[in-house]
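So the chains spell out like this:
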Amino acid sequence: MSERLQPGDTAPAFTLPDADGNEVSLADHKGRKVIVYFYPAALTPGCTKQACDFTDNLSLLTEAGYDVIGVSPDKPEKLAKFREKEHLKVTLVGDPEKETLVAYGAFGEKKLYGKTVTGVIRSTVVVDEQGKVEHAFYNVKATGHVAKIIKDLGI
């Protein structure tokens, strides 16, 4: 079971391939706030809803100084299909080795339909301009989560 991050922790560094196979690093966003959200799988209903909500609110978040990066265990090819099919504007990166998911406490045991399974824990971590964790939300719901973040961040 991976440790959950707490406000004030240093956000784990990562470099992962995006939908086009280009490397995206948390360090690339230094000086800006970053919303890093973790979701189980591209092209599934809940994850699609969440990615579309982030896309629909991306200009609002960007204007407030936030970049958005979605992380899943998917390979870049699947992320590209997801982006094209749903017209997504958020940066999507793949973590097939699950190292970043584990580092952020977004992979481990969870309840799914009453059973305990091991997998991606839908989570969102807000990282400040200095690379510190500002907020860490775990076991979030796909629907309504983006609106809640906007409210919690006072945007």
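The model shown is predicted, which means the values in this text are computed figures rather than measured ones.

K.L.:
Just checking my understanding: could you explain the sheet that holds strand β5 (residues 91–94) for this structure?
P.N.:
Two orientations exist for strands paired in a sheet by backbone hydrogen bonds: parallel and antiparallel. Strands sit in the order β5-β4-β3-β8-β9 across an open sheet of five strands; the sheet is mixed. Each edge of the open sheet is held by one strand with a lone partner, namely β5 and β9 (133–138). Adjacent strand axes in the sheet meet at a mean angle of 20° when their direction is disregarded. Across five bridges, the pairing between strand β8 (residues 123–127) and β9 is antiparallel.

K.L.:
In this structure, what is going on with the nonpolar core? I would like to understand it.
P.N.:
In globular proteins that are soluble, nonpolar side chains generally tend to be buried together. Membership of the largest hydrophobic core comes to 25 residues, with the highest contact counts inside it found for Ile-35, Tyr-37, Tyr-39, Phe-54, Val-68 and Leu-92. Those elements that provide at least two residues to this core are β3 (33–38), α1 (45–56), α2 (58–63), β4 (66–72), α3 (76–86) and α5 (145–152). With residues near it in sequence (within four places) discarded, Ile-35 still touches Phe-54, Leu-61, Tyr-66, Asp-67, Val-68, Ile-69, Thr-124, Val-125, Val-126, Ile-149 and Leu-153.

K.L.:
Would you take a moment to explain the pairing of β8 for this structure?
P.N.:
It is a general feature of regular strands that their side chains alternate between the two faces of the sheet. Buried residues dominate β8, accounting for five of its five residues. Side-chain alternation along β8 places Ser-123, Val-125 and Val-127 on one buried face and Thr-124 and Val-126 on a second face that is also buried. When β3 meets β8, the two strands line up antiparallel, connected through five bridges. From the neighbouring strand, Val-36 faces β8, where its bridge partner is Val-125. In this antiparallel pair of consecutive strands, β8 and β9, the connection spans five residues, and Gly-131 shows a positive phi of 85°.

K.L.:
Is there a simple way to think about the side chain of Asp-67 in this case?
P.N.:
Turning to its location among the elements, Asp-67 is positioned in strand β4. Polar contacts involving the side chain of Asp-67 include one to the side chain of Arg-32, which spans 2.8 Å. The contacts of Asp-67, once residues within four sequence positions are left out, are His-29, Arg-32, Lys-33, Val-34 and Ile-35.

K.L.:
When you look at the packing of aromatic side chains in this model, what are you seeing that I'm missing?
P.N.:
Pairs of aromatic rings are described using the distance from one ring centre to the other and the angle between the two planes. In the structure shown here, the tally under the stated rule is five aromatic pairs. Centroid distance Tyr-37 to Phe-54: 4.3 Å. Interplanar angle 25°. Geometry classified as stacked. On the criterion of sequence distance, the pair formed by Tyr-37 in strand β3 and Phe-54 in helix α1 is long-range, its members being 17 residues apart. We classify Tyr-37 as buried; its relative accessible area is 0%. For Phe-54, a relative accessible area of 0% corresponds to the buried category.

K.L.:
How should unusual backbone geometry be read in this particular structure?
P.N.:
Note: most peptide bonds trans; most residues except glycine with negative phi. Even without being a glycine, His-87 presents a positive backbone phi close to 55°. One can find His-87 in the loop between α3 and β5. Looking at His-87, the relative accessible area reads 59%, which means it is exposed. For Lys-98, which is not glycine, the phi dihedral falls at a positive 65°.

K.L.:
For this particular structure, what's the right way to read the state of the cysteines?
P.N.:
The full count for this structure, using the stated rule, is zero disulfides. Not engaged in a disulfide, the cysteine Cys-47 finds its nearest cysteine sulfur in Cys-52; these two sulfurs lie 11 Å apart.

K.L.:
Just to check I follow, could you spell out α3 for this structure?
P.N.:
Turning to α3, its buried residues are Pro-76, Leu-79, Ala-80 and Phe-82. Projected down its long axis, α3 shows its buried positions confined to an angular sector of 160°, all on one face. Away from its buried face, by an angle of more than 90 degrees, α3 presents the exposed residues Glu-77, Lys-81 and Lys-85. Looking at the buried side of α3, the elements it contacts are β1 (15–17), α1, β4 and β5.

So, how was this worked out
- Residues numbered from 1 in each chain as written.
- Predicted model: local features only at pLDDT ≥ 70, side-chain atom pairs only at ≥ 80, totals over all residues.
- Heavy atoms only, no water.
- Pairing = 2+ DSSP bridges.
- Helix = DSSP H or I, 4+ residues; strand = E, 2+ residues; numbered from the N terminus.
- Axes fitted to C-alpha atoms, helices over the stretch in contact; angles between N-to-C directions.
- Core = buried A, V, L, I, M, F, W, Y, C linked by side-chain atoms within 4.5 Å.
- Buried < 20%, exposed > 50% of the residue type's maximum accessible area, 1.4 Å probe, protein only.
- Contact = heavy atoms within 4.5 Å.
- Polar contact = N/O pair within 3.5 Å; in protein donor to acceptor, adjacent residues only side chain to side chain.
- Phe/Tyr/Trp six-rings, centres within 6.5 Å; stacked < 30°, edge-to-face > 60°.
- Disulfide = S-S within 2.5 Å.
- Arc of directions from axis to C-beta.

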